[in-house]
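Geometric and topological summary
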Amino acid sequence: MKNLLTVFAFAVTMLLGVQTTSAQQLSQDQSRPEVIAKTEAAKLTEALDLSGDQSRTIFRALVAKQVGYQKNVDGKDASSAAVIAEKKKIDAQLKDAMKKTLTDDQYSKWLKMNN
């Protein structure tokens, strides 16, 4: 009986360990909007010499863009009129956020980087 309880306790411990490992792996998934936006925001902060406030605002705008793309653009027919319109809308929102946040010089550099 004691051996049976020991085996059961060991099995439960192993099961919980596997779940914890899986949860940690999911939180570091490279396809998450926050991870993609953080990487892009870091590049822009370096390239455009952004302040802390600018970096945070740009990060939020990039997360919104990635979420919009994943919901409405990714995996759908790229030639569909609805998808094209949604992509243009999302891109226009990002461009507007960038124009409000960046200085004129930073904004022109950003436009050159994206073209």
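Overview of the structure. (Residues numbered from 1 in each chain as written. Predicted model: local features only at pLDDT ≥ 70, side-chain atom pairs only at ≥ 80, totals over all residues. Heavy atoms only, no water.)

A short note on the nonpolar core
- Core analysis: the largest hydrophobic core is formed by 15 residues, its most contacted members being L44, I58, L62, M98, L102 and W110.
- Those elements that provide at least two residues to this core are α2 (33–48), α3 (52–72), α4 (81–101) and α5 (104–114).
- Setting aside residues up to four positions removed in sequence, L62 forms contacts with A37, E40, A41, L44 and L94. (Core = buried A, V, L, I, M, F, W, Y, C linked by side-chain atoms within 4.5 Å. Buried < 20%, exposed > 50% of the residue type's maximum accessible area, 1.4 Å probe, protein only. Helix = DSSP H or I, 4+ residues; strand = E, 2+ residues; numbered from the N terminus. Contact = heavy atoms within 4.5 Å.)

Let's talk about the side chain of Q106
- Examined against the element boundaries, Q106 turns out to sit in helix α5.
- Engagement of the side chain of Q106 in a polar contact is seen with the side chain of Q54, the distance being 2.9 Å. (Polar contact = N/O pair within 3.5 Å; in protein donor to acceptor, adjacent residues only side chain to side chain.)

A short note on unusual backbone geometry
- Positive phi, normally seen in glycine, also occurs at D49, with a value near 55°.
- Secondary-structure assignment places D49 in the loop between α2 and α3.
- Note on D49: relative accessible area 65%, which makes it exposed.

What about the layout of surface pockets?
- Quantified by volume, the largest pocket comes out at close to 170 Å³.
- The element best represented in the lining of the largest pocket is α4, accounting for four residues.
- Class assignment for the residues of the lining of the largest pocket results in six nonpolar, two polar and four charged. (1 Å grid on protein atoms, 1.4 Å probe; cavity = no way out; pocket = protein on both sides within 12 Å on 5 of 7 lines; lining within 4 Å. Points joined across faces, edges and corners; volume = space filled by probe spheres on them. Nonpolar A, V, L, I, M, F, W, Y, C, P; charged D, E, K, R; others polar.)

Points about the packing of aromatic side chains
- A full pass over the atoms with the stated rule returns one aromatic pair.
- Residue placement shows K65 over the ring face of Y69; its charged tip is 5.3 Å from the ring centre. (Phe/Tyr/Trp six-rings, centres within 6.5 Å; stacked < 30°, edge-to-face > 60°. Lys NZ or Arg CZ within 6 Å of the ring centre and 35° of its normal.)

So, the pattern of salt bridges
- In this structure the tally under the stated criterion is six salt bridges.
- E34 is paired through a salt bridge with R32; the nearest N and O atoms lie 3.4 Å apart.
- Judged by relative accessible area, which is 33%, R32 ranks as partly exposed.
- Measuring nitrogen to oxygen at the nearest pair gives 3.9 Å for the salt bridge that ties E86 to K89. Note that E86 and K89 are positioned in helix α4 at a spacing of three residues, about one turn of the helix. (Salt bridge = Lys/Arg side-chain N within 4 Å of Asp/Glu carboxyl O.)

Let's talk about the packing of α4 against α5
- At their nearest, the axes of α4 and α5 sit 9 Å apart, and the two run at 150° to each other. With respect to α5, the element α4 is oriented roughly antiparallel. Where α4 abuts α5, its residues L94, K95, M98 and K99 lie against Y107, W110 and L111.
- Of the residues belonging to the contact of α4 with α5, the class tally is five nonpolar, no polar and two charged. (Axes fitted to C-alpha atoms, helices over the stretch in contact; angles between N-to-C directions. Parallel < 35°, antiparallel > 145°, perpendicular 65-115°, else oblique.)

Notes on the packing of α2 against α5
- Where α2 meets α5, the axes come as close as 11 Å, and the angle between the chain directions of the two elements is 125°. Considering the angle they form, α2 stands oblique to α5. At the point where α2 passes α5, the crossing takes the right-handed sense. Counting all contacts with α2, which are made through L44, A47 and L48, the residues of α5 involved are Q106, K109, W110 and M113. (Left-handed = near helix turned anticlockwise from the far one by under 90°.)

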